[in-house]
Amino acid sequence: MELEPTPDERELIAAVAEVARGTLAPQAAAADEAERVAPEVLKTLASVGVFGLNLPEELGGPGIGSVAMSHMVAEVAQACAATASIITAHYLATDAILLGATDEQRRALLPAAAEGRTIGAFGLTEPGAGSNPVEMSTRAVRTEDGWHLKGTKHFITNAGFADFIVVFAITDPEAGHHGISAFLVEPKTTPGVTFNTPEKTMGLRGSPIYEFVIDAHLPESALLGTEGDGFRTAMQVLDRGRIEVAAMSLGVSRAALDAAIAWAKERKISGKPINRLQDIAFKLADMHTRFRAAWLLTMEAAAARDSGDFTLESATAKLFASEAAAFITDEALQIHGGYGFTRDFPLERYVRDVRIYRIYEGSSEIQRTIISRALSK
Ligand SMILES: Cc1cc2nc3c(=O)[nH]c(=O)nc-3n(C[C@H](O)[C@H](O)[C@H](O)COP(=O)(O)OP(=O)(O)OC[C@H]3O[C@@H](n4cnc5c(N)ncnc54)[C@H](O)[C@@H]3O)c2cc1C
């Protein structure tokens, strides 16, 4: 199993890292305050191909492996976790098209999305159906010339400014998860899609999440792929997406760990740097150890994603890396003392931003369920 990027991939990673450090990191605090990542920032990321990292060359992507992609997602999150969430939500949408749509739909939709000329959102969660999306109530009914889609989706990243949203809806209420299908909704040109104001969130504040009500007529061509395949597609997409959540966890963990190491060298108590105190030194050792374990699990899951079944590996990596990120960011704040609690330092933002990694794309409880089921197979 190859856990390292190729030399060509390393060049791409370096290009993304340069933009992340030069453009993303300096605006991260302002994006958090403004509750918005500026569109120009996303354009700069698009210029180095970040919107298409999950796509093959023939559909406009760089055709890189998942290990290299995970490095790049980590670089983006290390600089600005909110931006990383915008980008990875876009990958959920484009992965749904890649895995679930027809060839014609892929060719029509994905090249523009790979370049960041269009932005996608992934609309699975509803007010009454989160961890168990089979309980969704959004309904799609056939009409003479297409579909009527009716329901409410909420907590959907990017939805309010997206060019397209992959919306999951019930097409056959008698068929359980085989009765769920995926639809392409273009909210800017489809009458009947109404957005509520973005939620007020604890972290990732530059990456707004929206509730929207849909009561709209869609053309026949809005059905993505085959009727009844939507749930399978959504689960495959989330298997992939969980590796990106793990990679984002690595990115913010790295930022917090670097900040803590530097602070512990500089901050003096009784004339000595605090890294000479065993309590602080051991914290750094534990943070490093969890970071390395999370890194290896994530890269192992990424390598597995390119070579076959990877449900167990992606759930394991997401569970461990998201929980490690919570530990590492909290300890990094602790090492900064009262300074860590102020907004003059990024530590409090790191703590807030990583909290969601244990909830979205399947909570830690759901990951444990997936892992334990896989072990008992
Ligand atoms: C910032 C943010 C961004 C998001 N982006 C998107 C997006 O782009 N697209 C999208 O579709 N959704 C998105 N979501 C929704 C997210 O995926 C859900 O919030 C998540 O799946 C949990 O669902 P829920 O909030 O309904 O919690 P619930 O499902 O109500 O869970 C409540 C609690 O019960 C636990 N629980 C549930 N089922 C079980 C079980 N079987 N065993 C043990 N414990 C269980 C959960 O772990 C949790 O602790 C986003 C949410 C947030 C906050």
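Residues numbered from 1 in each chain as written. Predicted model: local features only at pLDDT ≥ 70, side-chain atom pairs only at ≥ 80, totals over all residues. Heavy atoms only, no water.

Q: Teacher, can you tell me more about helix H1 (residues 7–34) here?
A: Note on helix geometry: an α-helix contains 3.6 residues per turn, so any two residues three or four positions apart are oriented the same way. Given a rise of 1.5 Å per residue, 28 residues ought to cover 40 Å, and the 38 Å separating the end C-alpha atoms of H1 matches this to within 8%. Largest kink in H1: about 50°, centred on Ala28. Turning to H1, its buried residues number three or more, namely Glu9, Ile13, Val16, Ala17, Val19, Ala20, Leu24, Gln27, Ala28, Ala31 and Asp32. Of the surrounding elements, those touching the buried residues of H1 are helix H2 (39–47), helix H3 (66–79), helix H4 (81–100) and helix H10 (347–354). (Helix = DSSP H or I, 4+ residues; strand = E, 2+ residues; numbered from the N terminus. Expected span 1.5 Å × (residues − 1). Bend = angle between axes of the 7 residues up to and from the residue. Buried < 20%, exposed > 50% of the residue type's maximum accessible area, 1.4 Å probe, protein only. Contact = heavy atoms within 4.5 Å.)

Q: I keep staring at the site of the ligand and nothing clicks. Help me out?
A: In the vicinity of the ligand, 16 residues are found, and the nearest of them are Phe122, Thr125, Ser131, Ser363 and Glu365. Between the ligand and the protein, one listed contact pairs a nitrogen atom with a backbone N or O atom of Phe155 at 2.9 Å. Between Ser363 and the ligand, the recorded distance is 2.6 Å, taken from a side-chain N or O atom to an oxygen atom. Compared with its free state, where it exposes 980 Å², the ligand has 63% of that area covered by protein. Looking at the shell around the ligand, the elements with two or more residues in it are strand S3 (146–157) and helix H11 (364–375). Of the residues forming the shell around the ligand, the biggest block, three residues, is contributed by S3. (Near = heavy atom within 4 Å. Polar contact = N/O pair within 3.5 Å; in protein donor to acceptor, adjacent residues only side chain to side chain. Areas by Shrake-Rupley, 256 points an atom, 1.4 Å probe, with all protein chains shown as cover.)

Q: How should I be thinking about the pattern of salt bridges in this particular structure?
A: Side chains that differ in charge, positive against negative, can pair when their charged atoms come close. Taken as a whole and assessed by the stated rule, the structure comprises 20 salt bridges. Between Glu220 and Arg142 there is a salt bridge, with the nearest N and O atoms lying 3.1 Å from each other. Placement of the pair is Glu220 in the loop between strand S7 (209–219) and strand S8 (223–224) and Arg142 in strand S2 (residues 139–143), with a sequence separation of 78 residues. Between Arg232 and Asp229 there is a salt bridge whose closest N-O contact spans 3.5 Å. On the basis of relative accessibility, which here comes to 26%, the residue Asp229 falls in the partly exposed class. Among the ionic contacts, a cluster of salt bridges with common partners joins Asp32, Arg205, Glu348 and Arg352. (Salt bridge = Lys/Arg side-chain N within 4 Å of Asp/Glu carboxyl O.)

Q: Quick question: what am I supposed to make of the packing of H3 against helix H6 (residues 230–266) here?
A: Helix packing geometry: the angle between the two helix axes and the distance between the axes. Orientation of H3 relative to H6, taken along the N-to-C sense of each, is 50°, at an axis distance of 7 Å. Relative to H6, the element H3 is oriented oblique. Seen from above, H3 lies across H6 with right-handed handedness. Along the contact surface, H3 presents Met69, Ser70, Val73, Ala74, Ala77 and Gln78, while H6 presents Ile243, Glu244, Ala247, Met248, Leu250, Gly251, Val252, Arg254, Ala255 and Asp258. Considering only residue class, the contact of H3 with H6 consists of 10 nonpolar, three polar and three charged. (Axes fitted to C-alpha atoms, helices over the stretch in contact; angles between N-to-C directions. Parallel < 35°, antiparallel > 145°, perpendicular 65-115°, else oblique. Left-handed = near helix turned anticlockwise from the far one by under 90°. Nonpolar A, V, L, I, M, F, W, Y, C, P; charged D, E, K, R; others polar.)

Q: Would you mind showing me how to read the nonpolar core here?
A: Grouped burial of nonpolar side chains is what soluble globular proteins tend to show. Counting residues in each nonpolar core, the largest one holds 74 residues, and the members touching the most others are Leu24, Leu45, Met248, Met287, Ile335 and Tyr357. With 13 residues, the top contributor of residues to this core is H6. When residues of this core are sorted by domain, at least three fall in each of domain 1 (7–114) and domain 3 (238–375). Other than its neighbours up to four places away in sequence, Ile335 contacts Ala260, Trp263, Ala264, Ile274, Ile280, Lys283, Leu284 and Met287. Counting 28 residues, the second-largest nonpolar core is a separate cluster that includes Leu98, Ala101, Phe122 and Val166. (Core = buried A, V, L, I, M, F, W, Y, C linked by side-chain atoms within 4.5 Å. Domains from an automatic or database assignment.)

Q: Any chance you could explain the environment of Ile209 here in plain terms?
A: You can see Ile209 is positioned in strand S7. When the C-alpha positions of Ile209 and Ala140 are compared, they lie 23 Å apart, and in sequence the two are 69 residues distant. Ignoring sequence-local partners within four residues, the contact set of Ile209 consists of Phe155, Ile156, Thr157, Pro198, Glu199 and Thr201.

Q: Which parts of the structure should I look at to understand the pairing of S7?
A: For a regular strand, side chains alternate in direction, first toward one face of the sheet and then toward the other. Bridge count for S3 against S7 is 10 bridges, and the pairing is antiparallel. Within S7, the position partnered with Trp147 by the bridge is Leu218. Bridging between strand S6 (residues 193–195) and S7 involves three bridges; their strand directions are antiparallel. The residue bridging Thr194 from the neighbouring strand is Val213, located in S7. (Pairing = 2+ DSSP bridges.)

Q: Is there a simple way to think about the domain arrangement of the chain in this case?
A: How large an interface is tends to be reported as the accessible area lost when its parts come together. By the assigned domains, the chain splits into domain 1 (7–114), domain 2 (120–231) and domain 3 (238–375). Look at where the C-alpha atoms of domain 1 and domain 2 centre, and you get two points 23 Å apart. Here domain 1 and domain 2 share an interface that buries about 1,700 Å² over both sides, 62% of which is from carbon and sulfur atoms. Of all residues in domain 1, the largest losses of buried area upon contact with domain 2 belong to Glu35, Ile86 and Gln105, amounting jointly to 27% of the total for that side. The tally of links from domain 1 across to domain 2 stands at two salt bridges. The shortest N-O distance in the salt bridge between Asp32 and Arg205 comes to 3.4 Å. If you look at where domain 1 meets domain 2, you find nine residue pairs in polar contact (both at pLDDT 80 or more). Of all elements in the fold, only H1, H4 and helix H5 (103–114) reach the threshold of two or more residues within the side of domain 1 that touches domain 2. When residues in the side of domain 1 that touches domain 2 are grouped by element, the largest group, 12 residues, is from H4. Classifying every residue of the side of domain 1 that touches domain 2 by side-chain character gives 13 nonpolar, six polar and four charged. (Buried area = accessible area lost by both parts, 1.4 Å probe.)

Q: Can you help me understand H2 in this one?
A: Every buried residue of H2 is accounted for by Val41, Leu42, Leu45 and Ala46. When H2 is viewed along its axis, its buried side chains cluster within an angular range of 145° and face the same direction. More than 90 degrees from the buried face of H2, the exposed residues found are Glu40, Lys43 and Ser47. Along its buried surface, H2 packs onto H1, H3 and H4. One or two positions beyond H2, positive phi appears at Gly49, with a value near 80°. (Arc of directions from axis to C-beta.)

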